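This is what each chain is made of:
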Amino acid sequence: MPRKKKGMMFELLPRPTTDENGKPLLYARPASTRKWSIGWIDEFCSKYRAIPSGEVNRVFETFLEVAVSFMMDGSRVITPIGSFAPKLKIKGDFSDPKKVKHSDVYLAGIEFIPSKRFIQELENRLDDGFLKYIDPYDREAVRSKITLEEALQKSLRKGYTTIRAFCGYSGLKYVSARRFLNSLCEGDSPRLERIREGHQLHYRPLVSKGTK
């Protein structure tokens, strides 16, 4: 069978849950680190889509300003690519609504739900399917004397770890260690939370609700 050479590259990362042998189950995410700025897209549309130079950027700037004005009361803004709405969180754990003060609620971000059309357009372009990418930290882990999980537990003995501290325990390079730690902060059931302390990122275990 010829080796597959085309497709969206993806990488496999560990989930918090394990299989019957205690090994972490995996999840997939795109392996590309490429980023396209709105300036580049604007230039592309000007050259290949007959749109006046700067028009795409102006539309996005205008949309940002107008959408925010509509979202100030909690409304959802619907567009051809999807919908946007404020995402709220509460400071601390509460079970009694009467104890929640106005100041306990804060804006945690903006929720984006892609439209069916947006998803379908991308699916229609994926003619070559997907291509597995072997992440550098997987290769380095094979040479390491201890597993990544063992290294993680040792580096968390103080209650938190940093990228450089995890490098020391795992033997990974800085970029690979950062990628691994960041992967544990993502997904439906993240294991770690990422907190900035000054100029440094601290990674701390997430405590499940109901766990003291």
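Relevant structure appears above.
Residues numbered from 1 in each chain as written. Predicted model: local features only at pLDDT ≥ 70, side-chain atom pairs only at ≥ 80, totals over all residues. Heavy atoms only, no water.

1. Concerning the overall build of the chain
No. 1: Helices and strands together make up the secondary structure of the chain, namely seven helices and eight strands.
No. 2: Scaling as 2.2 N^0.38, a compact globule of 212 residues should have a C-alpha radius of gyration of about 17 Å, whereas the chain reaches 22 Å, well beyond that.
No. 3: For the C-alpha atoms alone, the extent of the chain along its principal axes is close to 65 × 55 × 35 Å.
No. 4: The buried share of the chain, taken over its 212 residues, is 23%.
No. 5: Contacts in the chain between residues far apart in sequence, at least 24 positions, make up 41% of those at least 6 positions apart. (Helix = DSSP H or I, 4+ residues; strand = E, 2+ residues; numbered from the N terminus. Rg over C-alpha atoms; globule rule 2.2 N^0.38 Å. Buried < 20%, exposed > 50% of the residue type's maximum accessible area, 1.4 Å probe, protein only. Contact = heavy atoms within 4.5 Å.)

2. Let's talk about helix H2 (residues 55-71)
No. 1: Given a rise of 1.5 Å per residue, 17 residues ought to cover 24 Å, and the 24 Å separating the end C-alpha atoms of H2 matches this to within 8%.
No. 2: Residues of H2 that are buried make contact with helix H1 (38-48), strand S3 (77-79), strand S4 (82-90) and strand S5 (105-114). (Expected span 1.5 Å × (residues − 1).)

3. A closer look at the layout of surface pockets
Empty space left among the atoms is revealed by rolling a probe the size of a water molecule over them.
No. 1: The space that makes up the largest pocket amounts to roughly 1,200 Å³.
No. 2: Forming the boundary of the largest pocket are 24 residues, of which Ile41, Phe118, Glu121, Leu122 and Arg125 lie nearest the centre.
No. 3: Mapped by element, the contributors of at least two residues to the lining of the largest pocket are H1, H2 and helix H3 (116-125).
No. 4: Among the residues making up the lining of the largest pocket, the classes are represented as 18 nonpolar, one polar and five charged. (1 Å grid on protein atoms, 1.4 Å probe; cavity = no way out; pocket = protein on both sides within 12 Å on 5 of 7 lines; lining within 4 Å. Points joined across faces, edges and corners; volume = space filled by probe spheres on them. Nonpolar A, V, L, I, M, F, W, Y, C, P; charged D, E, K, R; others polar.)

4. Some thoughts on the sheet that holds S5
The strands that make up a sheet are held in pairs by hydrogen bonds between backbone atoms, and each pair lies either parallel or antiparallel.
No. 1: With antiparallel pairing, three strands are arranged side by side in an open sheet as S3-S4-S5. The open sheet terminates on both sides in strands that have one partner only, identified here as S3 and S5. The mean angle between the axes of side-by-side strands here comes to 30 degrees, regardless of whether they run parallel or antiparallel.
No. 2: Examined bridge by bridge, S3 and S4 share three bridges and lie antiparallel to one another. Residue pairing for S4: valine 77 is matched across the bridge by phenylalanine 84.
No. 3: Packing of H2 onto the sheet brings it into contact with S3, S4 and S5, and relative to S3 it is tilted by some 140 degrees. (Pairing = 2+ DSSP bridges. Axes fitted to C-alpha atoms, helices over the stretch in contact; angles between N-to-C directions.)

5. Topic: the pairing of S4
Taken residue by residue, a regular strand's side chains alternate between the two faces of the sheet.
No. 1: Connecting the antiparallel pair S3 and S4 is a turn made up of two residues.
No. 2: Relative to S5, S4 runs antiparallel, the two being bridged by nine bridges. In the strand pairing of S5, alanine 85 is matched with glutamate 111.

6. So, the pattern of salt bridges
No. 1: Per the stated rule, a full pass over the model turns up nine salt bridges.
No. 2: Linking lysine 47 and glutamate 43 is a salt bridge whose minimum nitrogen-to-oxygen distance equals 3.3 Å. Here glutamate 43 and lysine 47 lie together in helix H1, a separation of four residues that amounts to about one turn.
No. 3: We classify glutamate 43 as partly exposed; its relative accessible area is 42%.
No. 4: With a shortest N-O distance of 3.0 Å, glutamate 197 and arginine 204 are connected by a salt bridge.
No. 5: In this structure glutamate 197 comes out as partly exposed when scored by relative accessible area, which is 36%.
No. 6: Judged by relative accessible area, which is 30%, arginine 204 ranks as partly exposed.
No. 7: Among the charged side chains, a salt-bridge network with shared partners connects Glu11, Arg29, Arg179 and Glu186. (Salt bridge = Lys/Arg side-chain N within 4 Å of Asp/Glu carboxyl O.)

7. Re unusual backbone geometry
No. 1: Positive phi, close to 55 degrees, is recorded for alanine 50, a residue that is not glycine.
No. 2: By secondary structure assignment, the location of alanine 50 is in the loop between H1 and H2.

8. Concerning the packing of aromatic side chains
The description of an aromatic ring pair rests on the distance of the ring centres and on the angle between the ring planes.
No. 1: For the structure on display, the rule yields six aromatic pairs.
No. 2: On the basis of an interplanar angle of 20 degrees and a centroid distance of 5.5 Å, the ring pair of tryptophan 40 and phenylalanine 44 is categorised as stacked. On the criterion of helical spacing, the pair formed by tryptophan 40 and phenylalanine 44 is a turn pair, its members being four residues apart in helix H1.
No. 3: Ring-pair connections join several aromatic residues into one group, and the members of that group are Trp36, Trp40, Phe44 and Tyr48. (Phe/Tyr/Trp six-rings, centres within 6.5 Å; stacked < 30°, edge-to-face > 60°.)

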